[in-house]
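Notes for the structure review
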Amino acid sequence: MKDNSKIHILLVDDEKLVRSVMADMLNKNGILVTEASSGSKAVGLFAGRPFDAVLLDMIMKDMDGIATLKELKKINPDIPVIIVTGYGDVPTTVAAIKLGAYDYVEKPVDENRIVLTIQRATEKKCMETKIRELGMAIDNSLEWSLGESLAMKGVISAANKVAATDFSIVIEGETGTGKSTIARIIHNLSRRVKQPFVTVDMGLIPETLVESELFGHERGPSPGLTGRRWAFSRLQTGGLSL
């Protein structure tokens, strides 16, 4: 869990007393607060310095919460924005969530709820940043190994996408173009990375036995099918290169 003393939020509300009470509440829990008395001031502050999250009131005079949220998201689409809303203001809250708000809290604000929501929001942002940085590092490493052409960038992007799925993948290409290499990369990026990786030379399998070798078979009348055989691609290996 992120240390509260390292969390810096932007608190946006046009009522001074509300801001003061909430700021004291959050400061008491070790959260640093910068206050903004209007939506327009919040946008100005947000554009000039980094924040971990935004606590945004929906009902304000000069620029309401929805308009403010849209402007904040233009500056930084990834910032977690927590909506502060009045009881029963469902349509506005739903609209804010659709526009990318992280969550909402109702007035009067419960101290434990708001602190926990801020912690979760900032942890999620931190995790997403680390995942994005890791993805960039992997892409850069693969580009260094495989090349930086537009075509190869497309291959790397596709490999990253399919590695996160359970889809069966067919890799086509001429001899020597690196099909096995790409298959291994997909395997290494997948959650099956700790499972064995098996390369099959299709040229060595008779055409009549390809299906049974790859997908298994029950004992039957076909020649050579003398017993039950389960496909290694299902039980023994996490990667299959064709």
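Before reading on, note that the structure itself is shown above.
All figures in this text were calculated on a predicted structure; none of them were measured in a lab.

With their axes 10 Å apart at the nearest point, helix H2 (residues 39–48) and helix H3 (residues 65–75) run at an angle of 10° to one another. By the angle class used here, H2 and H3 are roughly parallel. Contacts between H2 and H3 involve Gly39, Ala42, Val43, Phe46 and Ala47 on the former and, on the latter, Thr68, Glu71, Leu72 and Ile75.

Counting buried positions along strand S3 (residues 53–57) yields 5 of 5 residues, so the element is predominantly enclosed. Neither face of S3 is exposed, since Ala53, Leu55 and Asp57 on one face and Val54 and Leu56 on the opposite face are all buried. Handedness of the crossover joining S3 and strand S4 (residues 81–85) through H3: right-handed.

Let's shift gears to the pattern of salt bridges. Under the criterion given, the structure shown has 5 salt bridges. Residues Glu111 and Lys28 are paired through a salt bridge, measuring 3.2 Å at the closest nitrogen-oxygen approach. A residue pair is termed long-range when its members are at least 10 positions apart, and Glu111 in helix H5 (residues 111–146) and Lys28 in helix H1 (residues 16–28) qualify at 83 residues. As a salt-bridge pair, Lys74 and Glu71 come within 3.2 Å of each other at their nearest N and O atoms. Of this pair, Lys74 and Glu71 both sit in helix H3, separated by 3 residues, roughly a single helical turn.

Now for the side chain of Asp52. Within the element layout of this structure, Asp52 appears in the loop between H2 and S3. Of the residues examined, Asp52 reaches a relative accessible area of 16% and is grouped as buried. Polar side-chain contacts of Asp52 include one of 2.8 Å to the backbone nitrogen of His8.

Definitions and limits used
Residues numbered from 1 in each chain as written. Predicted model: local features only at pLDDT ≥ 70, side-chain atom pairs only at ≥ 80, totals over all residues. Heavy atoms only, no water. Axes fitted to C-alpha atoms, helices over the stretch in contact; angles between N-to-C directions. Helix = DSSP H or I, 4+ residues; strand = E, 2+ residues; numbered from the N terminus. Parallel < 35°, antiparallel > 145°, perpendicular 65-115°, else oblique. Contact = heavy atoms within 4.5 Å. Buried < 20%, exposed > 50% of the residue type's maximum accessible area, 1.4 Å probe, protein only. Right-handed = clockwise from strand over helix to strand, strands pointing away. Salt bridge = Lys/Arg side-chain N within 4 Å of Asp/Glu carboxyl O. Polar contact = N/O pair within 3.5 Å; in protein donor to acceptor, adjacent residues only side chain to side chain.

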